[in-house]
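Chain residues, written in single-letter form:
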Amino acid sequence: MEEKTLKTYVKGMYCVKCPELIICALLQLRGVIDANVEYFKSLVTVRFDPDIVTEAQIFAALDDAGYPPFERRPSVAERLAAKLAHTFDSCRGGQNEHI
(Lines give C-alpha, C1' and ligand atoms only; values in the text may rest on other atoms or scores of the structure.)
Protein backbone atom coordinates (compact mmCIF):
# COMPACT_ATOMS: atom_id res chain seq x y z
CA MET A 1 0.00 0.00 0.00
CA GLU A 2 1.35 3.37 -1.02
CA GLU A 3 0.74 6.15 1.48
CA LYS A 4 0.62 9.89 0.83
CA THR A 5 0.41 12.88 3.13
CA LEU A 6 -1.66 15.94 2.32
CA LYS A 7 -1.37 19.22 4.21
CA THR A 8 -3.86 22.00 3.71
CA TYR A 9 -5.14 25.03 5.54
CA VAL A 10 -8.86 25.35 6.26
CA LYS A 11 -11.22 28.21 6.98
CA GLY A 12 -13.96 28.18 9.57
CA MET A 13 -12.28 26.84 12.71
CA TYR A 14 -13.64 29.02 15.50
CA CYS A 15 -13.74 26.74 18.55
CA VAL A 16 -11.78 23.88 20.09
CA LYS A 17 -14.46 21.37 18.98
CA CYS A 18 -13.77 22.07 15.29
CA PRO A 19 -10.65 19.83 15.04
CA GLU A 20 -12.68 16.87 16.32
CA LEU A 21 -15.36 17.48 13.71
CA ILE A 22 -12.78 17.73 10.93
CA ILE A 23 -11.02 14.54 11.99
CA CYS A 24 -14.34 12.71 12.26
CA ALA A 25 -15.37 13.82 8.75
CA LEU A 26 -12.03 12.75 7.27
CA LEU A 27 -11.87 9.38 9.00
CA GLN A 28 -15.27 8.51 7.50
CA LEU A 29 -13.62 8.51 4.07
CA ARG A 30 -12.48 5.07 3.01
CA GLY A 31 -8.74 5.28 2.37
CA VAL A 32 -7.95 7.90 5.01
CA ILE A 33 -5.44 6.39 7.42
CA ASP A 34 -4.99 9.24 9.87
CA ALA A 35 -5.85 12.90 10.26
CA ASN A 36 -4.42 15.61 12.47
CA VAL A 37 -5.47 19.23 12.98
CA GLU A 38 -3.33 22.07 14.30
CA TYR A 39 -6.01 24.41 15.62
CA PHE A 40 -3.97 27.60 15.95
CA LYS A 41 -2.50 27.24 12.45
CA SER A 42 -5.75 26.01 10.85
CA LEU A 43 -3.60 23.27 9.34
CA VAL A 44 -4.96 19.83 8.50
CA THR A 45 -2.63 16.89 7.82
CA VAL A 46 -4.10 13.75 6.27
CA ARG A 47 -2.36 10.42 5.64
CA PHE A 48 -4.18 8.44 2.99
CA ASP A 49 -4.00 5.67 0.42
CA PRO A 50 -4.15 7.35 -3.03
CA ASP A 51 -5.34 4.09 -4.60
CA ILE A 52 -8.57 4.38 -2.59
CA VAL A 53 -9.22 8.09 -2.03
CA THR A 54 -8.14 11.17 -4.00
CA GLU A 55 -7.02 14.58 -2.81
CA ALA A 56 -10.13 16.03 -4.48
CA GLN A 57 -12.33 13.76 -2.35
CA ILE A 58 -10.50 14.86 0.79
CA PHE A 59 -10.95 18.53 -0.16
CA ALA A 60 -14.63 17.90 -0.86
CA ALA A 61 -15.08 16.20 2.53
CA LEU A 62 -13.52 19.21 4.26
CA ASP A 63 -15.73 21.59 2.30
CA ASP A 64 -18.86 19.51 3.02
CA ALA A 65 -18.00 19.55 6.74
CA GLY A 66 -17.94 23.37 6.63
CA TYR A 67 -14.16 23.84 6.60
CA PRO A 68 -13.18 24.83 3.06
CA PRO A 69 -9.50 24.29 2.29
CA PHE A 70 -7.34 27.12 1.00
CA GLU A 71 -3.73 27.80 0.15
CA ARG A 72 -2.12 29.97 2.79
CA ARG A 73 -0.21 32.92 1.44
CA PRO A 74 3.21 33.58 2.97
CA SER A 75 3.24 36.30 5.62
CA VAL A 76 5.00 39.60 5.02
CA ALA A 77 7.90 38.42 7.19
CA GLU A 78 8.20 35.16 5.22
CA ARG A 79 8.16 37.02 1.88
CA LEU A 80 10.78 39.50 3.11
CA ALA A 81 13.03 36.70 4.42
CA ALA A 82 12.79 34.88 1.07
CA LYS A 83 13.58 38.07 -0.84
CA LEU A 84 16.58 38.85 1.39
CA ALA A 85 17.86 35.28 1.07
CA HIS A 86 17.57 35.48 -2.72
CA THR A 87 19.37 38.85 -2.79
CA PHE A 88 22.09 37.57 -0.47
CA ASP A 89 22.61 34.44 -2.56
CA SER A 90 22.85 36.50 -5.76
CA CYS A 91 25.43 38.86 -4.25
CA ARG A 92 27.38 36.06 -2.62
CA GLY A 93 27.47 34.08 -5.86
CA GLY A 94 29.12 36.97 -7.66
CA GLN A 95 31.75 37.43 -4.93
CA ASN A 96 32.61 33.74 -4.72
CA GLU A 97 33.69 33.67 -8.37
CA HIS A 98 36.78 35.74 -7.49
CA ILE A 99 37.88 33.62 -4.53
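You'll find the structure just up there.
Residues numbered from 1 in each chain as written. Predicted model: local features only at pLDDT ≥ 70, side-chain atom pairs only at ≥ 80, totals over all residues. Heavy atoms only, no water.

**Quick look at the overall build of the chain**
Moving on, step 1. Each helix and strand in the chain was counted, giving 3 helices and 4 strands.
Moving on, step 2. Each helix (α) and strand (β) of the chain, taken in turn from the N terminus, gives the series β-α-β-β-α-β-α.
Moving on, step 3. Relative to its 99 residues, the chain shows a buried fraction of 24%.
Moving on, step 4. In the chain, 58% of the contacts between residues at least 6 apart in sequence involve partners at least 24 apart. (Helix = DSSP H or I, 4+ residues; strand = E, 2+ residues; numbered from the N terminus. Buried < 20%, exposed > 50% of the residue type's maximum accessible area, 1.4 Å probe, protein only. Contact = heavy atoms within 4.5 Å.)

**Brief notes about helix α1 (residues 18–27)**
Moving on, step 1. Along α1, the residues classified as buried are Cys 18, Pro 19, Ile 22 and Leu 26. Each buried residue of α1 lies within a common arc of 100° when the element is viewed along its axis, so the set occupies one face.
Moving on, step 2. At its buried positions, α1 is contacted by β1 (4–10), β2 (32–38), β3 (43–48) and α2 (55–64). (Arc of directions from axis to C-beta.)

**Details of the pairing of β3**
Moving on, step 1. Counting buried residues in β3 gives 5 out of 6 residues, a clear majority hidden from the surface.
Moving on, step 2. Here 6 bridges tie β2 to β3, and the two strands are oriented antiparallel to one another. Across the sheet, residue Val 32 finds its bridge partner in β3, namely Phe 48.
Moving on, step 3. Linking β2 back to β3 in an antiparallel pair, the connection comprises 4 residues, with Ser 42 at a positive phi of about 60°. (Pairing = 2+ DSSP bridges.)

**A few points about the pairing of β1**
Moving on, step 1. With 6 bridges connecting them, β1 and β3 associate as antiparallel partners. By the bridge assignment for β3, Thr 5 is matched with Arg 47.
Moving on, step 2. In the sheet, β1 pairs with strand β4 (residues 69–70) via 2 bridges, with the strands oriented antiparallel. Following the sheet pairing, Tyr 9 is matched in β4 by Phe 70.

**Remarks on the sheet that holds β3**
Moving on, step 1. Here we have 4 strands laid out as an open sheet, ordered β2-β3-β1-β4, and antiparallel in their pairing. Strands at the two margins of the open sheet, each flanked by one partner only, are β2 and β4.
Moving on, step 2. Strand contacts of α2: β1, β3 and β4, with the helix running at about 35° to β1, the strand carrying the most contacts. (Axes fitted to C-alpha atoms, helices over the stretch in contact; angles between N-to-C directions.)

**A closer look at the packing of aromatic side chains**
We describe a pair of aromatic rings using the distance from one ring centre to the other and the angle between the two ring planes.
Moving on, step 1. Under the counting rule described, the total for this entry stands at 2 aromatic pairs.
Moving on, step 2. Look at Tyr 9 and Phe 70: their rings are 6.2 Å apart centre to centre, the planes differ by 45°, and that puts the pair in the tilted class. Taken together, the positions of Tyr 9 in strand β1 and Phe 70 in strand β4 put the pair 61 residues apart, joining distant regions of the chain.
Moving on, step 3. With 5.1 Å between their ring centres and 75° between their planes, Tyr 39 and Phe 40 make a pair best called edge-to-face.
Moving on, step 4. Residue classification places Tyr 39 among the partly exposed residues on the basis of a relative accessible area of 24%.
Moving on, step 5. According to the relative accessible area criterion, Phe 40 is exposed, its value standing at 80%.
Moving on, step 6. Above the plane of the ring of Phe 70 lies Lys 11, whose end atom (NZ or CZ) is 5.5 Å from the centre. (Phe/Tyr/Trp six-rings, centres within 6.5 Å; stacked < 30°, edge-to-face > 60°. Lys NZ or Arg CZ within 6 Å of the ring centre and 35° of its normal.)

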